[in-house]
Amino acid sequence: MMRNKNHHFLLICFPSQGYINPSLQLAIRLANLGVAVTFATTVTASRRMNKTEPPPSPSPRLSFATFSDGFDDETLKPNANDLAHYFSELNRCGSQSMTDLITSSAHNGRPITFVIYSLLLSWAADVASTFGIASSLFFAQPATVLALYYYYFHGHGDAISTQLLQKDPSFSIQLPGLPSLTARDFPSFFSPSGPLAFFIPLMREQLEFLGRQGRARVLVNTFHTLEGEALGAIGELKMVAVGPLIQRGSIRGDLFQVTSEDYIEWLSSKAESSVIYISFGSICVLSDQQEEEIVGALFECGYTFLWVIRSKENEDQEEEDERIMKKFGGKGKIVRWCDQVQVLSHPSLGCFVTHCGWNSTLESLVYGVLMVGFPQQVDQATNAKLVEDVWRTGVRVKPNAKGIVERGEIRRCLDIVMGDTSLEKRGEMERNVKKWKELAREAIGEGGSSDVNLESFVMEIDGDGCI
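Looking up the protein chain in an unreviewed UniProt entry gives the name Mogroside I-E synthase, with the organism given as Momordica charantia. Heading Sequence similarities (unreviewed entry) of the UniProt record for the protein chain holds this comment: "Belongs to the UDP-glycosyltransferase family."

What follows is the structure, encoded as structure tokens:
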């Protein structure tokens, strides 16, 4: 369907795989609606994406560009202990790069008419405004989390922070449009003493910017039947559900890795619904103690598993893998990376032990896979809460006082989702994953709610790029 042929969207994407994969899918779907789209992320992220060979564009109307975060030279790396400096450089260098990109696009007869930008990149909206170009935020987490961010900065932050500091197990709060939440259900950066507290002022700045726009439209990677109440919870924002934004058909959305490992052949040799898939995303590296607890649980329960283990610095990973696999023989397989969509859609999969990153959570819903929520940071605790208590498509582990999930607790959860205990509960979860699988696919199918929402969003942009 060719509409708005004169529009040229610029999609400015935060340089992490968790943002890039859904943002790329959004860019593809916009291009399929007939608008030109330039997808831009940092030079460094683009280099990681294309380290094997440049990816073919999935649409003739989609092109790729880069912007600088100040660390384009491969010999320079941001200091993980000084995120303030990184974000300052990202703002400074990214703003200049984006200005140059918009200027050059206009000179080449392809002027940018609308900007979509990731969370934490509100400077992109500032740059767009200097050119008289309208913009919208793309929120790659659930609507529930965006509503929580809003409530935190609108009257509830002190109460939430106090309870998180005190770690009061009896604390519970009911916010409009959201499920009842306890201290362990909040995004990790809400804790003022936590390692991610640095993000609090950045999030405040983002929400204040949206508030000044007057019912700003925010594209959200979710779908209406999944989060209907949360989508309408904040009157100051117009949340537009356009998800789930995941890889479909032959379009590859994950451009970061290519592997020759034979895990699909290995999965095909296993019985239906018999394999536990374990992955903690592209960033998290487990502590040695937590890894040992998982190994112990897998050994005790005897289930077959496919485990994605990220390489650790200063460690012979192959030697470590060999040490682990000696305990299991042919009952398990360890890989550095895998095509998660391929794995989740494989009939041998029985469940997914996941950090509950939002991309992984949505992929599990779309492919109908039961989950064991094992959250680590950011929005993952909230996502795990939704999985266990709202959508009821899995269970969630409970860590001990030191934050370690012990092997007995891991085995308890595995036995529930794999059907060795609580058959009634597993049956309920299986019915729920089937329901959400159908509803998710319906939302992104032709004429589905998210499909219609995205098309309406594009159609409502007038000739000057204003909504």
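Q: Quick question: what am I supposed to make of the pattern of salt bridges here?
A: Pairs may arise between side chains of opposite charge once their charged atoms sit close together. This model, assessed by the stated rule, comprises nine salt bridges. Ionic pairing is found between Glu293 and Arg407, a salt bridge with its closest N-O pair at 3.3 Å. Taken together, the positions of Glu293 in helix H9 (residues 288-301) and Arg407 in helix H14 (residues 407-418) put the pair 114 residues apart, joining distant regions of the chain. Residue classification places Glu293 among the buried positions, given a relative accessible area of 15%. According to the relative accessible area criterion, Arg407 is partly exposed, its value standing at 30%. The partner of Arg412 in a salt bridge is Glu409, and the shortest N-O contact between them spans 2.8 Å. With Arg412 and Glu409 both in helix H14, this residue pair falls three residues apart, about one helical turn. Classification of Arg412 by relative accessible area gives partly exposed; the value is 35%.

Q: Sorry if this is basic, but what is going on with the nonpolar core here?
A: As a rule of thumb, soluble globular proteins bury nonpolar side chains together. Core analysis: the biggest nonpolar cluster contains 95 residues, and Phe9, Ile12, Met98 and Ile116 have the highest contact counts within it. The dominant element in this core, judged by the number of residues it contributes, is helix H5 (residues 143-166), at twelve residues. With residues up to four places along the chain from it excluded, the contact list for Ile12 reads Ala40, Phe67, Met98, Val115, Ile116, Tyr117, Ser118, Leu121, Trp123 and Ala124. Counting 34 residues, the second largest nonpolar core, distinct from the first, contains Ile324, Val353, Leu370 and Met429.

Q: So what exactly am I meant to see when it comes to the packing of aromatic side chains here?
A: To describe a pair of aromatic rings, one takes the distance between the centres and the angle between the planes. What the rule picks out here adds up to 23 aromatic pairs. Both rings, one in Phe114 and one in Phe457, keep their centres 5.7 Å apart while their planes meet at 85 degrees; by these two values the pair is edge-to-face. With Phe114 in strand E4 (residues 114-118) and Phe457 in helix H16 (residues 449-459), the pair connects residues that are 343 residues apart, well separated along the chain. Both residues of the pair, Phe114 and Phe457, count as buried. Here the aromatic rings of Phe186 and Phe190 are separated by 6.0 Å at their centres, their planes lie at 40 degrees, and the arrangement is tilted.

About the thresholds
Residues numbered from 1 in each chain as written. Predicted model: local features only at pLDDT ≥ 70, side-chain atom pairs only at ≥ 80, totals over all residues. Heavy atoms only, no water. UniProt positions renumbered as here; feature names shortened; annotations may be inferred. Salt bridge = Lys/Arg side-chain N within 4 Å of Asp/Glu carboxyl O. Helix = DSSP H or I, 4+ residues; strand = E, 2+ residues; numbered from the N terminus. Buried < 20%, exposed > 50% of the residue type's maximum accessible area, 1.4 Å probe, protein only. Core = buried A, V, L, I, M, F, W, Y, C linked by side-chain atoms within 4.5 Å. Contact = heavy atoms within 4.5 Å. Phe/Tyr/Trp six-rings, centres within 6.5 Å; stacked < 30°, edge-to-face > 60°.

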